[in-house]
Amino acid sequence: MPAESGEGRRVVYSLGQQRVWLVDEDPGGSGEEVETTYQVYPSALSPPAGAYTVSSRNAQGTGSDGVPIEHTVIFHTADDGSVYGFSAALDGSTPDPESPTGAIRQTREDGDAMWLFATAGIAVVVVA
């Protein structure tokens with residue numbers, strides 16, 4: 001997990017590694033533990049590095065690319081209206097890396113893990 005990625009229960013998203021870590025407090029009280037980590041597939045736009053919180057969630061919908069998606073977890077809306085969030089395409093597709101959206105796709109299995117972990121108000125830390 002990247003250094004300087006916060007503490008406590010959180011989602012850590014590394015832009016450079018295109019990877020997510022779901023981090024929780026160790027139940028024994030001795031620090032933290034990574035529940036899971038996995039690769040993600042971002043679009044062309046990336047959120048600025050920083051700390052955010054999960055602001056909304058949608059069980060199902062349609063991505064900005066017209067693909068049906070599930071388990072959308074939104075954590076940032078930029079001043080220009082770009083929305084940044086994690087989702088899983090029902091057909092397993094990844095976003096066009098040239099598409100000017102803030103979509104961060106994950107597999108359906110990983111999307112299930114994110115959905116169960118990242119409830120409203122959970123921290124999302126974006127690192128370079």
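Going by the structure above, here's the rest.
Residues numbered from 1 in each chain as written. Predicted model: local features only at pLDDT ≥ 70, side-chain atom pairs only at ≥ 80, totals over all residues. Heavy atoms only, no water.

For the rest of this paragraph, the subject is the sheet that holds strand β5 (residues 50–53). The mixed open sheet is built from five strands, whose spatial order is β3-β2-β1-β10-β5. Each having just a single partner strand, β3 (32–39) and β5 make up the two edges of the open sheet. Direction aside, the axes of adjacent strands within the sheet are offset by 20 degrees on average. Taken together, the five bridges between strand β1 (residues 10–14) and strand β10 (residues 123–127) define a ladder with parallel strand orientation. Bridge pairing in β10 places Y13 opposite V126. (Pairing = 2+ DSSP bridges. Helix = DSSP H or I, 4+ residues; strand = E, 2+ residues; numbered from the N terminus. Axes fitted to C-alpha atoms, helices over the stretch in contact; angles between N-to-C directions.)

In this section: the packing of aromatic side chains. Evaluation of the coordinates by the stated rule reveals three aromatic pairs. Ring centres 5.6 Å apart and planes at 80 degrees place the aromatic pair Y13 and F86 in the edge-to-face group. Of this pair, Y13 sits in strand β1 while F86 sits in strand β8 (residues 83–89); the two residues are 73 residues apart in sequence, bridging distant segments of the chain. Like Y13, the residue F86 is buried in the burial classification. By way of ring pairs, the aromatic residues Y13, Y52, F75 and F86 are connected into one cluster. For R9, the ring lying beneath its charged end belongs to F117, and the centroid distance is 3.9 Å. (Phe/Tyr/Trp six-rings, centres within 6.5 Å; stacked < 30°, edge-to-face > 60°. Buried < 20%, exposed > 50% of the residue type's maximum accessible area, 1.4 Å probe, protein only. Lys NZ or Arg CZ within 6 Å of the ring centre and 35° of its normal.)

Attention now moves to the nonpolar core. By size, the foremost hydrophobic cluster in this structure holds 21 residues, and its most contacted members are V11, V20, F75, F86, M114 and V124. At the level of secondary structure, the elements contributing two or more residues to this core comprise β1, β2 (19–25), β7 (68–77), β8, α1 (108–117) and β10. Looking at which element gives the most residues to this core, the answer is α1, with three residues. The residues touching V124, leaving out its near neighbours within four places in the chain, are V11, G50, A51, Y52, T53, V54, F75 and F86. (Core = buried A, V, L, I, M, F, W, Y, C linked by side-chain atoms within 4.5 Å. Contact = heavy atoms within 4.5 Å.)

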